[in-house]
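Letter by letter, the chains look like this.
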Amino acid sequence: MEQPPVQQGEGALPRPQRARGQGRLAAKSSAAGTRLDVLYQDGCAKIRLPKTFDGTMEAVLINTAGGLTGGDRIDWYLSAAAGTRLTVTTQACERIYKASASTATVETRIEVGAGARVDWLPQETILFDRSSLTRRLEVDLAEDARFLAVEAILLGRKAMGEQMETGLFRDRWRIRRAGRLIHAEEASLSGDVAALTGERAVLAGARAFATVFFCGPEAEAHLEPLRRLLGETDGGVSHWQDKLVARLVADDGFALRKKLLPLISHLRNGASVPKVWTL
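Because the structure is predicted, anything quoted here is derived from the model rather than measured.

### Focus on the confidence of the model for the protein chain
Argument step 1. Scored by pLDDT, the protein chain has a mean of 92; 95% of the residues are at 70 or more.
Argument step 2. Confidence drops under a pLDDT of 50 for residues 1-8, and excluding neighbours within four residues, the segment shows 2 contacts in the predicted structure.

### Considerations on the layout of surface pockets
Argument step 1. Computed from the structure, the largest pocket encloses a volume of approximately 520 Å³.
Argument step 2. In this structure, the largest pocket is lined by 22 residues; those nearest its centre are Asp54, Thr56, Glu58, Thr87 and Arg268.
Argument step 3. Those elements that place two or more of their residues in the lining of the largest pocket are strand S4 (57-63), strand S6 (85-90) and strand S9 (117-121).
Argument step 4. Partitioning the lining of the largest pocket into residue classes produces 9 nonpolar, 5 polar and 8 charged.

### Some remarks on the environment of proline 274
Argument step 1. Of note, proline 274 is situated in the segment after helix H3 (253-267).
Argument step 2. With a relative accessible area of 3%, proline 274 lands in the buried category.
Argument step 3. For the pair proline 274 and serine 131, spaced 143 residues apart in sequence, the C-alpha separation works out to 28 Å.
Argument step 4. Ignoring sequence-local partners within four residues, the contact set of proline 274 consists of Glu58, Thr87, Thr89 and Leu121.

### Here we look at the packing of aromatic side chains
Argument step 1. Scanning all chains against the criterion turns up 2 aromatic pairs.
Argument step 2. Ring geometry for tyrosine 97 against phenylalanine 128: centres 5.1 Å apart, planes inclined by 20 degrees, an arrangement best described as stacked. On the criterion of sequence distance, the pair formed by tyrosine 97 in the loop between strand S7 (94-96) and strand S8 (104-112) and phenylalanine 128 in the loop between strand S10 (125-127) and strand S11 (132-141) is long-range, its members being 31 residues apart.
Argument step 3. Taking relative accessible area as the criterion, tyrosine 97 reaches 34% and is therefore assigned partly exposed.
Argument step 4. Consider the rings of phenylalanine 147 and phenylalanine 213, whose centres lie 6.3 Å apart with planes at 50 degrees: the pair is tilted.

### Quick notes on the side chain of glutamate 151
Argument step 1. Relative to the assigned elements, glutamate 151 resides in strand S12 (residues 146-154).
Argument step 2. Glutamate 151 gets classed as buried once you look at its relative accessible area, which sits at 10%.
Argument step 3. Reaching out from glutamate 151, the side chain makes a polar contact with the side chain of arginine 135 at a distance of 3.2 Å.

### Examining the side chain of arginine 135
Argument step 1. One can find arginine 135 in strand S11.
Argument step 2. A polar contact of 3.2 Å, which involves the side chain of arginine 135, links it to the side chain of threonine 125.
Argument step 3. A distance of 2.9 Å separates polar atoms of two side chains, one belonging to arginine 135 and the other to aspartate 171.
Argument step 4. In this view, arginine 135 contacts Val106, Thr125, Glu151, Ile153, Phe169, Arg170, Asp171 and Arg172; residues no more than four positions away in its chain are not counted.

About the criteria used
- Residues numbered from 1 in each chain as written.
- Predicted model: local features only at pLDDT ≥ 70, side-chain atom pairs only at ≥ 80, totals over all residues.
- Heavy atoms only, no water.
- pLDDT = per-residue confidence, 0-100.
- Contact = heavy atoms within 4.5 Å.
- 1 Å grid on protein atoms, 1.4 Å probe; cavity = no way out; pocket = protein on both sides within 12 Å on 5 of 7 lines; lining within 4 Å.
- Points joined across faces, edges and corners; volume = space filled by probe spheres on them.
- Helix = DSSP H or I, 4+ residues; strand = E, 2+ residues; numbered from the N terminus.
- Nonpolar A, V, L, I, M, F, W, Y, C, P; charged D, E, K, R; others polar.
- Buried < 20%, exposed > 50% of the residue type's maximum accessible area, 1.4 Å probe, protein only.
- Phe/Tyr/Trp six-rings, centres within 6.5 Å; stacked < 30°, edge-to-face > 60°.
- Polar contact = N/O pair within 3.5 Å; in protein donor to acceptor, adjacent residues only side chain to side chain.

So this is what it looks like as structure tokens:
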């Protein structure tokens, strides 16, 4: 029999169930190439390892909760030992739904050993109206390690008539090489997000934006090729010491992917994006 709702004064309502997840992956080097060393999964965080045939490793991160809302939390820890090659992506776009209270939290920590390379290539994060997300990326690189990161944000799906009108999005990056801070950035959208992103100095009404980061000794050599790939589109590329940063904006997710794919392929020496990506 259905229980009657709890009336005011009879006691507090039960707290809604929240998604919790933690995933850890460590890769090691062997005679056959990059191999699994540690795999840990807890809660809604799962990791799958598709077969590869080139001595590298690919990992697919999965949130079995199907999205995140206020109070949910996922933590990822990824480690690539010396000489390994690891590509990490997500099974699908991460959806951040309307939050009735609190904030969803996603924290990712990546360690890249001597001579190793990690390509951090999650699919887009979709922020729905009244969603609330705090995200943090911490990366520690060895002196000669290489690191590629792509993070893309969609403020709703334009084809579905969606738009993030209000809400919260905070993104914090800290990247260190041999213990020295080489890149730090903070992004924040809050309150009337539609009005803020409509400002010309912010997104000028664009619904999608992305950051591409590459760190390695050949970073400067990629500067002009990436600028040519971007052409006259809404975006730009800059270089400082051994790091390269590209910023892109687009009207929607489809247009953003069309801009991103050539840049990612170039920075991956001609390799395409992971197979779970679809255009």
